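Examining the three-dimensional arrangement
What follows is the residue order along each chain.
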Amino acid sequence: MTHIKTCIINCLTLAALLIVSPAFSASDDAKKLNRHTGSGDPVAGKAKSQICQGCHGVNGNSLDEFMPKLAGQYDEYIIKQMKNYLAGIRSHEIMNGMASPLSDQDIADIGAYFSKQEIMKGRGWTNDERGVEIYTKGGDRSKMVMTCLHCHGERGKGLDQSTAMYPVIGGQHKAYLVKQMVDFREDDRLNSPNTIMNKIVRSLSDKDIEAVSEYLSVQ
Ligand code: HEC
Ligand code: HEC
């Protein structure tokens, strides 16, 4: 009960922030959105990210379901994740090690490079309608105070530059999305601001997580 109350307070604070930002963008606008909001140099980042592209794919379009795509991700979000891996606030055997030899400038440059790539894309169709319900309306669970759409934008493609801390999730691999949501629900990933994602995902069943991930992964 307490966590639901805290969630309501946190969500309302975030809602207030969103009201002052431009309205939810149409999906076409979202595609044109500038995701390079930091000071990194994408040209330097291209060279520095060669090792990363070994796992995250050419231009950040990985082919492996468990390696997240980084193409068109906000650089601010990438930078935050790298710093979280470096500090051990987000744990992953490979990524904790990958982050350690990098300077702040390297991280900013690499983030800039990936953010400048064409936005990640899924296969474009699904026969699962439950996912869209959860994503846009919270499914049949009135417990969810804000739906995913409010923060992650139409089809998971992000809102605008002022909300660059809310990652692009539309077009991301399904297996990766499922893993992150289960990690949030089980408190194995605790790095979202005010643990907001842990609170949001808490009410979702395995089936709900599967459905919303299916919906997002095809976008
Ligand atoms: C050997 C494979 C491998 C290499 C090389 C690698 N990564 Fe990763 N990376 C992963 C995996 C696996 C994950 C998912 C980890 C998790 O579940 O937390 C990940 C996660 C990430 C994330 C979080 C993505 C998100 O959507 O939250 C970022 C950012 C990232 N890597 C950046 C990099 C950068 C920058 C480099 C190069 C310096 C790099 N990675 C090199 C395998 C790799
Ligand atoms: C109040 C805003 C908010 C709402 C509502 C919200 N999210 Fe998030 N979400 C975030 C933030 C902020 C992060 C980034 C956490 C971090 O910094 O590590 C995130 C991260 C994620 C990630 C991890 C992405 C990655 O690349 O690792 C997934 C998956 C995700 N959200 C899915 C969802 C789904 C599905 C819903 C609806 C059930 C939802 N979110 C609702 C704010 C929100």
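Please refer to the structure placed before this passage.
Before going into details, it helps to say that this report is about the structure given with it. The structure presented is a predicted model; accordingly, all values stated were derived computationally and were not measured. Each chain carries its own residue numbering, running from 1 in the direction its sequence is written. The order in which chains are written sets their letters, starting at A; the order in which ligands are written sets their numbers, starting at 1. At least 70 in pLDDT is required for a residue's local features to be given in this predicted model, at least 80 for side-chain atom pairs to be given and counted, and no such filter applies to totals for whole chains, interfaces and linings, which use all residues.

1. Observations concerning the overall build of the protein chain
Within the protein chain, the regular secondary structure consists of 12 helices and zero strands. Moving toward the C terminus, one meets the helices and strands of the protein chain in the order α-α-α-α-α-α-α-α-α-α-α-α. What counts as a contact is two residues whose backbone-derived C-beta atoms lie within 7 Å of each other. Long-range contacts, defined as pairs at least 24 residues apart, comprise 75% of the intrachain contacts of the protein chain with a sequence gap of at least 6. A run of H or I in DSSP counts as a helix once it spans at least four residues, and a run of E counts as a strand once it spans at least two, with each numbered from the N terminus.

2. So, the site of ligand 1
Nearness is defined per residue: the C-beta atom, placed using the backbone, must lie within 6 Å of the molecule or strand. As a structural note, the neighbourhood of ligand 1 is formed by 19 residues, with Cys 52, Cys 55, Pro 68, Gln 81 and His 92 the closest of them. Mapped onto the shell around ligand 1, the elements with two or more residues apiece are helix 4 (50–56), helix 5 (75–87) and helix 6 (93–99). When residues of the shell around ligand 1 are assigned to their parent elements, the largest contribution, five residues, is made by helix 4.

3. Here's the deal with the packing of helix 8 (residues 130–137) against helix 12 (residues 206–217)
Two quantities define a packed helix pair, namely the angle between the helix axes and the distance between the axes. Packing of helix 8 against helix 12 leaves a shortest axis separation of 7 Å and a crossing angle of 90°. If you check the angle between helix 8 and helix 12, you find them roughly perpendicular. Residues Arg 130, Gly 131, Val 132, Ile 134 and Tyr 135 of helix 8 form the contact with helix 12, whose own contacting residues are Asp 208, Ala 211, Val 212, Glu 214 and Tyr 215. Think of it as three bins: nonpolar holds Ala, Val, Leu, Ile, Met, Phe, Trp, Tyr, Cys and Pro, charged holds Asp, Glu, Lys and Arg, and polar takes everything else, Gly as well. When grouped by side-chain class, the residues that make up the contact of helix 8 with helix 12 number six nonpolar, one polar and three charged. Axis lines are fitted through C-alpha atoms, for helices just across the contact stretch, and the angle between N-to-C directions can take any value from 0 to 180 degrees. For classification, angles of less than 35 degrees are called roughly parallel, those exceeding 145 degrees roughly antiparallel, those between 65 and 115 degrees roughly perpendicular, and all remaining angles oblique.

4. Considerations on the nonpolar core
Ile 78, Met 82, Phe 114, Met 181, Val 201 and Val 212 are the most contacted members of the largest nonpolar core, which totals 39 residues. Elements represented by at least two residues in this core include exactly helix 5, helix 7 (104–115), helix 8, helix 9 (148–152), helix 10 (174–185), helix 11 (196–201) and helix 12. At six residues, helix 7 tops the list of elements feeding residues into this core. Setting aside residues up to four positions removed in sequence, Val 201 forms contacts with Met 181, Phe 184 and Arg 185. What makes a nonpolar core is a set of buried Ala, Val, Leu, Ile, Met, Phe, Trp, Tyr and Cys residues, with links drawn between C-beta atoms within 7 Å. Three exposure classes are used, all based on how many other C-beta atoms lie within 10 Å of a residue's own C-beta (placed from the backbone): buried at 20 or more, exposed at 12 or fewer, and partly exposed between those limits.

5. Some words on unusual backbone geometry
One non-glycine residue, Asn 59, lies in the positive phi region at around 60°. Here Asn 59 lies in the loop between helix 4 and helix 5. Positive phi outside glycine occurs at Asp 187, with the angle close to 60°. Among the secondary structure elements, Asp 187 is positioned in the loop between helix 10 and helix 11. For Asp 187, a count of 10 C-beta atoms within 10 Å gives the class exposed.

6. Thoughts on helix 10
One fewer than the residue count of a helix, multiplied by 1.5 Å, yields its expected span. A rise of 1.5 Å per residue sets the reference length of helix 10, with its 12 residues, at 16 Å; its end C-alpha atoms lie 16 Å apart and thus fit the reference within 8%. Among the residues of helix 10, those classed as buried are Leu 177, Gln 180, Met 181, Phe 184 and Arg 185. Projection of helix 10 onto a plane perpendicular to its axis shows the buried side chains occupying an angular sector of 135°, all on one side. Where helix 10 is buried, its residues touch helix 11 and helix 12. Of the residues one or two after helix 10, Asp 187 is the one with positive phi, at around 60°. Throughout, the arc means the angular range of directions from the helix axis out to the C-beta atoms.

7. Some words on the environment of Gln 50
As for its position among the elements, Gln 50 is in helix 4. The class for Gln 50 is exposed, based on 9 C-beta atoms found within 10 Å. Linking Gln 50 and Ile 110, residues 60 residues apart in sequence, is a C-alpha distance of 9.5 Å.

8. Structural notes on the environment of His 36
Tracing the sequence through the fold places His 36 in the loop between helix 2 (27–32) and helix 3 (42–48). Overall, His 36 belongs to the buried group, with 21 C-beta atoms counted inside 10 Å. Expressed as a C-alpha distance, the spacing of His 36 and Ser 115, which sit 79 residues apart in the sequence, is 5.3 Å. Excluding residues that lie within four positions of it along the chain, His 36 makes contacts with Pro 42, Asp 75, Ala 112, Ser 115 and Lys 116.

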